[in-house]
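If you want the building blocks of each chain, they are given just below.
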Amino acid sequence: MAAEKIFLIGMMGSGKSYWAKKIAKWNKCVGYDLDDIIEMNEEKTIPEIFSEDGEDAFRKTEAKIIRWFKEKKKFVIATGGGTPCFHDNMNWMKKEGVVIWLDESIEVLVSRLIANKTKRPLIANLSDDQISKFVQEKLVERNPIYQQAHYRLTSDEIKEANLKKLILKHVS
Ligand code: S3P
């Protein structure tokens, strides 16, 4: 038996995609990555969507595609860092399933993003210092929304055992 619909949220670099793959294995469900689905559907990379169509268009597509998951039964999905913050997506996800916030520390986020920024249009052209400032500012803006998740795991708590424990609370 396994939890039905699991939405992983959190800033870019918080490990949503990594943990979605892990959870899919032991929860015996399909694992998705929202950015990958958007890219497949739009036949463009995320940076191309941002540069050719703009962020507003990306957010509309993101909101449309996340809602396709209404029809799906059992899955875990890594959402994009901004997903909960637009088009009432947070409330929608909370009604559909279990929303887990991976609240990684600023230090870890910044170091991961500095090492891996090219696929992320919001930071691709920023210097290391600018990335650090960007992350701090975005967290101030987004934390009030992320905080609405059903569950929050902070840096030290983002571990397989903890994720298992809280997902098992939702076995059907
Ligand atoms: C974004 C995060 C990205 C992607 C897009 C915008 C954001 O996803 O959706 O570049 O607004 O934080 P990841 O969190 O998977 O990097």
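Please refer to the structure higher up on the page.
Below you will find a few notes about this structure.

Conventions we followed
Residues numbered from 1 in each chain as written. Predicted model: local features only at pLDDT ≥ 70, side-chain atom pairs only at ≥ 80, totals over all residues. Heavy atoms only, no water. Helix = DSSP H or I, 4+ residues; strand = E, 2+ residues; numbered from the N terminus. Rg over C-alpha atoms; globule rule 2.2 N^0.38 Å. Buried < 20%, exposed > 50% of the residue type's maximum accessible area, 1.4 Å probe, protein only. Expected span 1.5 Å × (residues − 1). Contact = heavy atoms within 4.5 Å. Pairing = 2+ DSSP bridges. Axes fitted to C-alpha atoms, helices over the stretch in contact; angles between N-to-C directions.

## A few points about the overall build of the protein
Each helix and strand counted, the protein has eight helices and five strands in total. Secondary structure elements in the protein, listed N-terminal to C-terminal, are β-α-β-α-α-α-β-α-β-α-α-β-α. Taken against the 2.2 N^0.38 rule, which gives 16 Å for 172 residues, the C-alpha radius of gyration of the protein at 15 Å falls within 12% of a compact globule. With respect to the principal axes defined by its C-alpha atoms, the protein has extents near 45 × 35 × 25 Å. Scored against the burial criterion, the 172 residues of the protein give a buried share of 45%.

## Digging into helix 4 (residues 55–66)
Taking 1.5 Å per residue, 12 residues should reach 16 Å; helix 4 reaches 16 Å between its end C-alpha atoms and fits that length. Buried positions along helix 4 lie against strand 1 (5–9), helix 2 (34–42), helix 3 (46–53), strand 3 (75–78), helix 5 (89–96) and helix 7 (128–146).

## So, the sheet that holds strand 3
Read across the sheet, five strands follow the order 2-3-1-4-5 without closing on themselves; strand pairing throughout is parallel. The sheet terminates laterally at strand 2 (30–33) and strand 5 (151–154), the two strands that pair on one side only. Taking the axes of each pair of neighbouring strands and ignoring which way they run, one obtains an average angle of 20 degrees across the sheet.

## What to know about the pairing of strand 4 (residues 98–103)
Burial analysis of strand 4 places six of its six residues in the buried class, which makes it a mostly covered element. Bridge count for strand 1 against strand 4 is four bridges, and the pairing is parallel. Paired with Ile-9 across the strands is Trp-101, a residue of strand 4. Relative to strand 5, strand 4 is paired through four bridges, and the arrangement is parallel. Opposite Ile-100, over in strand 5, you have Tyr-151 as the bridge partner.

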